[in-house]
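# Chains, contacts and geometry: an overview
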Amino acid sequence: MEGFFDPIITVHLLPDSPLTLLLLLPVLLESVYSISFFLPVNSRKCLREEIHKDVLVTGEYDLTEQPNTKTHLKITDSSTHTLYSKEDATKGKFAFTTEDYDMFEVCFESKSPLGTGRVPDQLVNLDMKHGVEAKNYEEIAKVEKLKPLEVELRRLEDLSESIVNDFAYMKKREEEMRDTNESTNTRVLYFSIFSMCCLIGLATWQVFYLRRFFKAKKLIE
């Protein structure tokens with residue numbers, strides 16, 4: 001059994017309402033989510049999320065312990081490269097930095113020799129952060145000896161950079177979609193012209209063929 005959870009937030013903005021944009025900006029910038037679910041014995045459940053390039057991802061997990069049950073945690077990308085793996089995972093943390101824009105998968109797999117129905121389901125709690133929210137600014141302040149105001153400025157700087165990168169990515173995707181649409185329209189146009197030429201050629205051939213047939217049967221002069 002395999003389950004996938006795709007947390008999706010859809011936000012509709014009014015382009016002519018700056019106040020609405022300011023109020024919803026914290027929601028758009030939210031890069032933290034927490035999820036809890038029950039994992040049946042001898043089953044596998046996964047979570048998938050698309051994350052941009054060069055983004056720090058951190059997570060913390062906590063599973064209820066069950067007798068004679070081992071749970072394997074594995075994080076992979078779309079190329080099945082393992083980014084984090086933990087046998088008999090019960091509680092811990094993980095962190096990695098993405099090398100490219102990709103779909104990442106976090107999987108929990110439960111194994112027990114007792115079989116389904118004889119062992120209660122495990123409760124899995126998972127907290128994941130990425131981007132600005134994943135950075136530990138308190139630790140950065142200690143290492144670089146920053147004042148509170150400087151820490152907030154650093155946080156705003158990182159947040160601004162994240163917004164710029166998001167808009168750049170959206171612009172790139174828009175350009176790719178526009179190029180795809182233009183290419184598709186061109187192909188449809190050429191196919192339509194080719195189809196019309198084929199139909200005209202077929203109709204012309206039918207006229208000449210029927211004319212020869214009727215002449216052979218002496219039905220027309």
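Residues numbered from 1 in each chain as written. Predicted model: local features only at pLDDT ≥ 70, side-chain atom pairs only at ≥ 80, totals over all residues. Heavy atoms only, no water.

## Considerations on the overall build of the chain
Check the secondary structure of the chain and you find three helices and nine strands. Along the chain, from the amino end to the carboxyl end, the secondary structure elements read β-α-β-β-β-β-β-β-β-β-α-α. Pairs at least 24 apart in sequence give 76% of the contacts found in the chain among residues at least 6 apart. A total of about 16200 Å² of accessible surface is found on the chain, and carbon and sulfur atoms cover 58% of it. (Helix = DSSP H or I, 4+ residues; strand = E, 2+ residues; numbered from the N terminus. Contact = heavy atoms within 4.5 Å. Areas by Shrake-Rupley, 256 points an atom, 1.4 Å probe, with all protein chains shown as cover.)

## With respect to the pattern of salt bridges
For the coordinates displayed, the defined rule picks out three salt bridges. Between Glu105 and Arg44 there is a salt bridge, with the nearest N and O atoms lying 3.7 Å from each other. You can see Glu105 sitting in strand β8 (residues 102-111) and its partner Arg44 sitting in strand β3 (residues 44-51), a full 61 residues away along the chain. Overall, the relative accessible area of 12% leaves Glu105 in the buried class. Judged by its relative accessible area of 27%, Arg44 is partly exposed. Overlapping salt bridges, with partners in common, bring together Arg44, Arg48 and Glu105 in one network. (Salt bridge = Lys/Arg side-chain N within 4 Å of Asp/Glu carboxyl O. Buried < 20%, exposed > 50% of the residue type's maximum accessible area, 1.4 Å probe, protein only.)

## Some details on a negative patch on the surface
Taken together, the side chains of Glu174, Glu175, Glu176, Asp179 and Glu182 present a region of like negative charge at the surface. Within the secondary structure, Glu176 sits in helix α3 (residues 148-216). (Patch = residues over 30% accessible without salt bridge, like charges linked within 9 Å, V, L, I, M, F, W, Y side chains within 5 Å. Lys, Arg positive; Asp, Glu negative; His and termini not counted. Charge placed at Lys NZ, Arg CZ, Asp CG, Glu CD.)

## Remarks on the layout of surface pockets
Looking at the second largest pocket, its volume works out to about 190 Å³. Those elements that provide at least two residues to the lining of the second largest pocket are β4 (56-63), β7 (91-97) and β9 (122-130). Within the lining of the second largest pocket, the residues separate by chemical class into four nonpolar, two polar and five charged. (1 Å grid on protein atoms, 1.4 Å probe; cavity = no way out; pocket = protein on both sides within 12 Å on 5 of 7 lines; lining within 4 Å. Points joined across faces, edges and corners; volume = space filled by probe spheres on them. Nonpolar A, V, L, I, M, F, W, Y, C, P; charged D, E, K, R; others polar.)

## Focus: the state of the cysteines
Within the structure shown, the criterion is met by one disulfide. Between Cys197, a cysteine without a disulfide, and Cys198, which holds the nearest cysteine sulfur, the sulfur-to-sulfur distance is 7.0 Å. A residue is classified by how much of its surface remains accessible, and Cys198, at 39% relative accessible area, is partly exposed. (Disulfide = S-S within 2.5 Å.)

## Quick notes on the UniProt feature "transmembrane region" (unreviewed entry) in the chain
Mapped onto this structure's residue numbering, the UniProt feature "transmembrane region" (unreviewed entry) falls at residues 20-39 and 188-208. Annotated as residues 188-208, this span is 100% helix and 0% strand, and its ends, taken at the C-alpha atoms, are 30 Å apart. (UniProt positions renumbered as here; feature names shortened; annotations may be inferred.)

## Here's the deal with the nonpolar core
In this structure, Phe37, Tyr61, Leu73, Phe94, Val106, Phe108 and Leu126 are the most contacted members of the largest nonpolar core, which totals 21 residues. Of all the secondary-structure elements, those providing two or more residues to this core are β2 (32-39), β3, β4, β5 (70-76), β7, β8 and β9. (Core = buried A, V, L, I, M, F, W, Y, C linked by side-chain atoms within 4.5 Å.)

## With respect to the side chain of Lys45
Within the fold, Lys45 resides in strand β3. Of the side chains with opposite charge, Asp121 comes closest to the buried, unpaired Lys45, at an N-O distance of 7.1 Å. A polar contact of 2.9 Å, which involves the side chain of Lys45, links it to the backbone oxygen of Phe38. (Polar contact = N/O pair within 3.5 Å; in protein donor to acceptor, adjacent residues only side chain to side chain.)

## So, the packing of aromatic side chains
Any two aromatic rings considered together are summarised by their centre-to-centre distance and by the angle between their planes. Overall, the coordinates contain seven aromatic pairs when judged by the stated rule. Look at Tyr61 and Phe94: their rings are 6.4 Å apart centre to centre, the planes differ by 20°, and that puts the pair in the stacked class. Linking Tyr61 in strand β4 with Phe94 in strand β7, this pair joins segments that are 33 residues apart in sequence. Its relative accessible area of 1% is what places Tyr61 among the buried residues. Of the residues examined, Phe94 reaches a relative accessible area of 5% and is grouped as buried. When the centroid spacing of 5.8 Å and the interplanar angle of 40° are considered together, the rings of Phe96 and Phe104 count as tilted. Connected via pairs of aromatic rings, a cluster forms that spans Tyr61, Tyr84 and Phe94. (Phe/Tyr/Trp six-rings, centres within 6.5 Å; stacked < 30°, edge-to-face > 60°.)

## Considerations on the pairing of β9
Where burial is concerned, the two faces of β9 differ: the one with Gln122, Val124, Leu126, Met128 and His130 is buried and the one with Leu123, Asn125, Asp127 and Lys129 is not. Where β4 lies against β9, seven bridges are found, and the strand directions are antiparallel. Note on β9: the bridge partner recorded for Asp62 is Asn125. (Pairing = 2+ DSSP bridges.)

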